[in-house]
Amino acid sequence: PGKPTLYGSVTRRGLRSQDVPDIAASEGFLVGEVTKKSILISCPHENVSTKFLAPYTTFSRIHQKSITCLDISSGGGLGVSTSTDGTMKIWQAANGEIRRLLEGHVYDVNCCRFFPSGLVVLSGGMDAQLKIWSAEDASCVVTFKGHKGGILDTAIVDRGRNVLSCSRDGTARLWDCGKSACLAVLADCGSPINGIAAGTAHASLNLGTPDTPPSEREVGTEGKILLLAREDKKLQGVGLQSRQPVFLFTGSDAFNCCTFLSSTSVLAGTQDGNIYQLDVRNTNTPIQVIHRSGAPVLSLLPYRDGFIASQGN
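All figures in this text were calculated on a predicted structure; none of them were measured in a lab.

## Some remarks on the sheet that holds strand β5 (residues 48-53)
Stage number 1. The three strands lie next to each other as β3-β4-β5, forming an open sheet whose pairing is antiparallel. With one partner strand each, in any of the chains shown, β3 (30-34) and β5 form the two edges of the open sheet. The mean inter-strand angle of the sheet, taken between neighbouring strand axes irrespective of direction, is 20°.
Stage number 2. Looking at chain direction, strand β4 (residues 38-43) and β5 are connected through six bridges and run antiparallel. In the sheet register, I41 faces β5, and the bridge partner there is T50.

Okay, structure coming up:
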C-alpha cells in the first residue's frame, strides 16, 4: 500500500523431475516451492510473497462473460450462477453441464442463491424484482414486487418460508413466500444497501421489542440480527423481529458485503480493501481490521475456523 506497483514475469524453462515445471522469475522476484498445483513467488526486497494455485476444475462454457454471483446447493450437486452476459443458469457442479436456463428478469440479474432444500432458487435483479424458481423445471413460482430500485443481495430465513432482500432504494424487506407478499420494510436508510446477512444473535444482545406483535406469517425471525452493508460507509445491525436498530458502525468506505462468523462476531468488507471484524456486543472498536490490498472486498464466506474473502484484483 502507498507504493508503486511492482511488475514481473515468470517463464517456464522446461520440466524437472516428476513432471514439475522448472520456472524462473524476472529480476527482483524469486521462485520458491513449485508443485504441479502451485507456484510460490516472493519479492524479497519488499518482503511479500504470493502463492498461485492452479484451478481444480474449469467450466468455461457456462457463461460468455463475467460471473457476478454463484451458489452451490446444500447437497453439492448443483450450481446456480448469473453473468454480465444477461443469463442465469443451473448446472451440475461435478462437470459443469448446463441443466436449466432461468429466464424472466428484465435487465441484469444481480444475485442468486439456493434455498436449504437445494430444489429452489432465489434471485434478485436490476428490475427491482425478487423471484423464486424451481430448479427442477426452471419455472418461476413466485415474483415479489415492492422495491423501487435494483436488488443487490438476498438472504433466506431458516428453511425459507420467509426471505430477505436489500436494494439500491435504501430499503431491506422481509417477504412471505407462501403469500408472495411483503411482510415488512426492516430498514430504510436513504443509501443503497449493498449486502445483507441474517444470523442468530448471542443471548446477551438486546435486540429490542417489536412495536406491534409479529404476523403469524413471520417464521424464524425471533432472536436473529440482520446486518446491512451500506453504501454510505455504515454497517448496521437491526433486530430482525423487532426492526429496532442494534448498532451502527462507520467504516473507511462503502461496505460491499457482510457475514457472520459466530453469534457475536461479524465480518464486513469495504470498497477500499478493508475487512472489519466486529463484536456485535460492542462495535466501538473493531476486533481487527485486515488490509491486504486497496482492491474492493467483494464477498466474504466463513470457512472452517476462518473465512475466505474475494477482492476486485
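## Let's talk about the domain arrangement of the chain
How big an interface is tends to be stated in terms of accessible area lost as the parts join.
Stage number 1. Under the domain assignment used here, the chain contains domain 1 (10-53) and domain 2 (67-311).
Stage number 2. Taking the mean C-alpha position of each, domain 1 and domain 2 sit 39 Å from one another.

## Comments concerning the environment of N162
Stage number 1. Looking at where N162 falls in the secondary structure, it is placed in strand β15 (residues 162-167).
Stage number 2. Judged by its relative accessible area of 0%, N162 falls in the buried class.
Stage number 3. At 3.1 Å, the side chain of N162 forms a polar contact with the backbone oxygen of R217.

## Remarks on a nonpolar patch on the surface
Stage number 1. A cluster of nonpolar residues, I67, L70 and I72, forms a patch on the protein surface that exposes about 270 Å² of accessible area.
Stage number 2. Mapped onto the elements, L70 comes out in strand β6 (residues 67-72).

## Description of the sheet that holds strand β17 (residues 181-188)
Stage number 1. Taken together, four strands build an open sheet; the order of strands is β14-β15-β16-β17 and the sheet is antiparallel. The strands lining the two open edges of the sheet, one partner per strand, are β14 (151-157) and β17. In this sheet, neighbouring strand axes are inclined to one another by 20° on average, regardless of whether the strands run parallel or antiparallel.
Stage number 2. Here β15 runs beside strand β16 (residues 171-176); their pairing, made up of five bridges, is antiparallel.

## Regarding the UniProt feature "repeat: WD" (unreviewed entry) in the chain
Stage number 1. According to UniProt, the feature "repeat: WD" (unreviewed entry) maps to residues 60-101, 102-143 and 144-176 in the numbering used here.
Stage number 2. Annotation note: span residues 102-143, helix share 0%, strand share 50%, distance between end C-alpha atoms 13 Å.
Stage number 3. Overall, residues 144-176 shows 0% helix and 61% strand. The separation of its end C-alpha atoms is 9 Å.

## Considering the pattern of salt bridges
Stage number 1. Within the structure shown, the criterion is met by eight salt bridges.
Stage number 2. For R113, the salt bridge identified is with D153, shortest N-O distance 3.4 Å. Remark: D153 occurs in strand β14 and R113 occurs in strand β10 (residues 109-114); sequence separation between them is 40 residues.
Stage number 3. We note a salt bridge from R230 to D232, for which the minimum N-O separation is 2.7 Å.
Stage number 4. A residue is classified by how much of its surface remains accessible, and R230, at 8% relative accessible area, is buried.

Cut-offs used in this document
- Residues numbered from 1 in each chain as written.
- Predicted model: local features only at pLDDT ≥ 70, side-chain atom pairs only at ≥ 80, totals over all residues.
- Heavy atoms only, no water.
- Pairing = 2+ DSSP bridges.
- Helix = DSSP H or I, 4+ residues; strand = E, 2+ residues; numbered from the N terminus.
- Axes fitted to C-alpha atoms, helices over the stretch in contact; angles between N-to-C directions.
- Domains from an automatic or database assignment.
- Buried < 20%, exposed > 50% of the residue type's maximum accessible area, 1.4 Å probe, protein only.
- Polar contact = N/O pair within 3.5 Å; in protein donor to acceptor, adjacent residues only side chain to side chain.
- Patch = residues over 30% accessible without salt bridge, like charges linked within 9 Å, V, L, I, M, F, W, Y side chains within 5 Å.
- Areas by Shrake-Rupley, 256 points an atom, 1.4 Å probe, with all protein chains shown as cover.
- Salt bridge = Lys/Arg side-chain N within 4 Å of Asp/Glu carboxyl O.
- UniProt positions renumbered as here; feature names shortened; annotations may be inferred.

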